[in-house]
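What follows is the residue order along each chain.
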Amino acid sequence: MAWYADDMYQSLFAQLIGAGDVPLLQTISPCKSDDPVCNCPRQLSGRSDVLMFELLLSENLTLSNQQVDAILSLSESIPESDVIFLSASSSNHYDEMQAMFHNLHTVVSPLMPDMRVVFFDIGLTETQRIQTEKYCRCHVIRFPFEKFRPLLEDRFCYFWKPLIIRALIGKVRKGLVYQDSSVRWTSHIKPLLERGAAFGLQYHVSDVPPNVSVDRLKQMSNFFGEELCAFRHFPELDGSNGIFGNLPFVIRALIEPWAKCALDAACMCPDQPEAAGSLGDQLSDGHRSHGFDRATLKIVAAKLFDNALRRVITLDNKAIDTVRRGLAMPDYFNSIVNKSAGHEK
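Reading guide: rules and limits
- Residues numbered from 1 in each chain as written.
- Predicted model: local features only at pLDDT ≥ 70, side-chain atom pairs only at ≥ 80, totals over all residues.
- Heavy atoms only, no water.
- Pairing = 2+ DSSP bridges.
- Helix = DSSP H or I, 4+ residues; strand = E, 2+ residues; numbered from the N terminus.
- Contact = heavy atoms within 4.5 Å.
- Axes fitted to C-alpha atoms, helices over the stretch in contact; angles between N-to-C directions.
- Core = buried A, V, L, I, M, F, W, Y, C linked by side-chain atoms within 4.5 Å.
- Buried < 20%, exposed > 50% of the residue type's maximum accessible area, 1.4 Å probe, protein only.
- Phe/Tyr/Trp six-rings, centres within 6.5 Å; stacked < 30°, edge-to-face > 60°.
- Disulfide = S-S within 2.5 Å.

Visitor: How would you explain the sheet that holds strand S7 (residues 241–245) if you had to name every residue and give the values?
Guide: Overall, mixed pairing links the seven strands, which are arranged S3-S2-S1-S4-S7-S6-S8 in an open sheet. Whereas interior strands pair on both sides, the edge strands pair on one side only; in this sheet they are strand S3 (139–142) and strand S8 (313–314). The sheet strands contacting helix H5 (residues 126–135) are strand S2 (116–121) and S3, and the helix crosses S3 at an angle near 155°. Strands strand S1 (81–89), S2, strand S4 (172–179) and S7 of the sheet are contacted by helix H6 (residues 160–169), whose axis makes an angle of about 160° with S4.

Visitor: So what's going on with the nonpolar core? Which residues, and what values?
Guide: The biggest cluster of nonpolar side chains holds 71 residues, and the ones touching the most others in it are Phe120, Phe143 and Phe244. Of the residues forming this core, the biggest block, ten residues, is contributed by helix H9 (residues 248–262). Cys138, Ala319, Ile320 and Tyr332 belong to the second-largest nonpolar core, a separate cluster that totals 28 residues.

Visitor: Kindly report on the packing of aromatic side chains, identifying the contributing residues and their values.
Guide: Inspection of every chain in the model, using the stated rule, returns twelve aromatic pairs. Aromatic pair Tyr135 and Phe333: ring centres 6.1 Å apart, planes at 40°, arrangement tilted. Taken as a pair, Tyr135 in helix H5 and Phe333 in helix H12 (residues 332–344) lie far apart in primary sequence, 198 residues in all. Across the pair, Phe333 and Tyr135 agree in class, each one buried. With a centroid separation of 6.0 Å and 40° between ring planes, the pair formed by Tyr332 and Phe333 is classed as tilted. Pair check on accessibility: Tyr332 and Phe333 agree, each one buried. One aromatic cluster in this structure is built from Tyr94, Phe101, Phe119, Tyr135, Tyr332 and Phe333.

Visitor: Talk me through the environment of Val107; I want residue IDs and the actual numbers.
Guide: By secondary structure assignment, the location of Val107 is in helix H4 (residues 94–111). Measuring from C-alpha to C-alpha, the distance between Val107 and Ser187 comes to 6.4 Å, with 80 residues separating the pair along the chain. Discounting chain neighbours no more than four positions away, the residues touching Val107 are His102, Trp185, Thr186 and Ser187.

Visitor: With reference to specific residues and values, describe the state of the cysteines.
Guide: In this structure the tally under the stated criterion is two disulfides. Covalently, Cys136 is tied to Cys138 through a disulfide, its sulfur atoms 2.0 Å apart. Because the sign of the S-S torsion sets the handedness, a value of about -90° for the bond joining Cys136 and Cys138 places this disulfide among the left-handed ones. For the pair Cys136 and Cys138, a shared accessibility class is recorded, and that class is buried. Cys261 shares a disulfide with Cys267; S-S distance 1.9 Å. Taking the sign of the S-S torsion, -90° for the link of Cys261 and Cys267, the bridge is left-handed. The pair formed by Cys261 and Cys267 is uniform in burial state, with each residue classed as buried.

Okay, here's the thing in structure tokens:
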């Protein structure tokens, strides 16, 4: 454990603090005196070493050997690669997913011809799965929800996301790129990928208002032993995409606590996830929008990096063309079929 706590921790933070080209975090407006959430009795600042040891040593945040084995079994058929693009989709996002593959095929693949794409089927129909296997130019894996029952039966909570990231991170030599089906990359993605491989993590800031005190459920902050208000000045991370470097420290202190929360019924998923998932819904405890995987990642990253979190956030949006749900290409796979038929004539 000293290896993580000393060498990896100090080395990573030397990189983070030395990256002087990144602006400081922007904080939101000061708390109002009559806002009880803002009178925070437990802050993160000045507790970096303690928080790091909590993430590394807490049994509550450590995956069991059985859990690690179950997660790693998801990627046992995937060969090692320099770069892996990772995504997942269910049947209701099938048309968006086709647009994602069009972007990967036409924009990203010419820049990185040796990249590998891994796609998890989290609820496609049989016909959709067959079409995807034929035309995605990717490895298709059915996510085995039954292996993680009963925790993962409600797919709305996005339990599967940190699990597939943990499963694949050990397969990359440079970087793992996770993306939702709504993400479209531009030709500027390579510098972002290089930065993610160097720092271990790169995330965009979400356009969701950066007020974590109204964006979490109490059960999640309790799980991590923190007050909601301690995260108020950290910006919201965009959960639709992220780049991860295969660094032992990042895996153990960031990805595994994130996955542990996903596998614990007391952390990521509330009793009524559909209600908690809407930004506009006011919850009974006064907080809005649970955030699921995005919320958990932000809490873990804030505990780990504190004010150095700015080093793993990219403020340059040139790499992303758009993150827009509903931007679809329902006929992309059919166009590949038609093009192939035309060549055969």
